[in-house]
Amino acid sequence: LLDFTSVLSGDIGTISDSSDNSFHVVQANGTDLSAVLDGFTIQDGNADNSATGDISGAGLLDIDADPFINNCIFTDNSAQTGAAVFVAGTSARFDNCQFIDNAATDIGGAVAITSDTQNFNNCLFQNNSATNSGGGIYGGGGVINLLDCSMQGNTASSGGAIYSALATGSIINSIFSLNSADQGGAIYTASS
């Protein structure tokens, strides 16, 4: 496992009280691949405000941006959708990243994707959970490519590791182990 001491934390109020944590620890809006986030632990985001629409991407909210995320750990983030990362209208690239112990009350325990192409290279998804779909990754459209990734111990109702609806993509040289769900312990696809 990676171990970075440079921490970006959403735990900005009362320490260890998630109710007053940041909705989004990092936001990417309108960037391209020249925007690089490298070598950080991103933790303790809590996107839980349905009144303002802040229910997605507690670790990273990526809207209409194309960032390059490298050597980062996303851990202990919670949201309704895409607890660690929510991506919409963009093509992000994640290299050598770890998504550990993130939880969604709906979809995308670690990552939720709605469009475009998302590339995950040499990434670890471990012990993430979603109440409904996609314990590790929820793909609600677009293209999801995994190369040399490991999906371990993720849980959801459908698609313990990956839930893919209206999405395409590829999975190459990747490991799925100890993931669980009522439907599709490793992968569940619908119209994909």
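Residues numbered from 1 in each chain as written. Predicted model: local features only at pLDDT ≥ 70, side-chain atom pairs only at ≥ 80, totals over all residues. Heavy atoms only, no water.

**Here's the deal with the pairing of strand β6 (residues 60-63)**
Consecutive side chains of a regular strand alternate in pointing toward one face of the sheet and then the other.
Here comes step 1: Bridging between strand β2 (residues 26-29) and β6 involves 4 bridges; their strand directions are parallel. Within β6, the residue paired with Ala28 across the bridge is Asp62.
Here comes step 2: In this sheet, strand β10 (residues 85-88) lies alongside β6 in parallel orientation, the contact comprising 4 bridges. Bridge pairing links Leu61 to Phe86 in β10. (Pairing = 2+ DSSP bridges. Helix = DSSP H or I, 4+ residues; strand = E, 2+ residues; numbered from the N terminus.)

**What about the pattern of salt bridges?**
Here comes step 1: All chains considered together, the criterion is met by 1 salt bridge.
Here comes step 2: The partner of Asp95 in a salt bridge is Arg93, and the shortest N-O contact between them spans 2.7 Å.
Here comes step 3: Given a relative accessible area of 10%, Asp95 falls into the buried group. (Salt bridge = Lys/Arg side-chain N within 4 Å of Asp/Glu carboxyl O. Buried < 20%, exposed > 50% of the residue type's maximum accessible area, 1.4 Å probe, protein only.)

**Here we look at the sheet that holds β10**
Adjacent strands of a sheet pair through backbone hydrogen bonds, lying either parallel or antiparallel.
Here comes step 1: Ordered by their spatial adjacency, 7 strands build an open sheet running β2-β6-β10-β14-β18-β21-β24, and the pairing between neighbours is parallel. Edge positions in the sheet fall to β2 and β24 (187-190), since each of these pairs with one other strand and no more. Taken over all neighbouring pairs, the strand axes of this sheet differ in orientation by 5 degrees on average, direction set aside.
Here comes step 2: Judged from the 3 bridges that link them, β10 and strand β14 (residues 111-113) form a sheet pairing that is parallel. Residue pairing in the sheet places Val87 in a bridge with Ile113 of β14. (Axes fitted to C-alpha atoms, helices over the stretch in contact; angles between N-to-C directions.)

**Remarks on the layout of surface pockets**
Picture a little ball the size of a water molecule; that probe, rolled over the atoms, points out where space is still empty.
Here comes step 1: For the largest pocket, the calculated volume is near 160 Å³.
Here comes step 2: Contributions of two or more residues to the lining of the largest pocket are made by β19 (142-147), β21 (162-165), β22 (167-172) and β24.
Here comes step 3: Take the lining of the largest pocket: its biggest share by element is 5 residues, from β22.
Here comes step 4: Residue composition of the lining of the largest pocket, grouped by class: 6 nonpolar, 6 polar and no charged. (1 Å grid on protein atoms, 1.4 Å probe; cavity = no way out; pocket = protein on both sides within 12 Å on 5 of 7 lines; lining within 4 Å. Points joined across faces, edges and corners; volume = space filled by probe spheres on them. Nonpolar A, V, L, I, M, F, W, Y, C, P; charged D, E, K, R; others polar.)

**Some remarks on the environment of Ala79**
Here comes step 1: Inspection of the secondary structure puts Ala79 in strand β9 (residues 78-81).
Here comes step 2: Accessibility expressed as a relative area gives 4% for Ala79, which makes it buried.
Here comes step 3: Separated by 31 residues in sequence, Ala79 and Asp48 have C-alpha atoms that sit 5.8 Å apart.

Read these as geometric descriptors, not functional statements.
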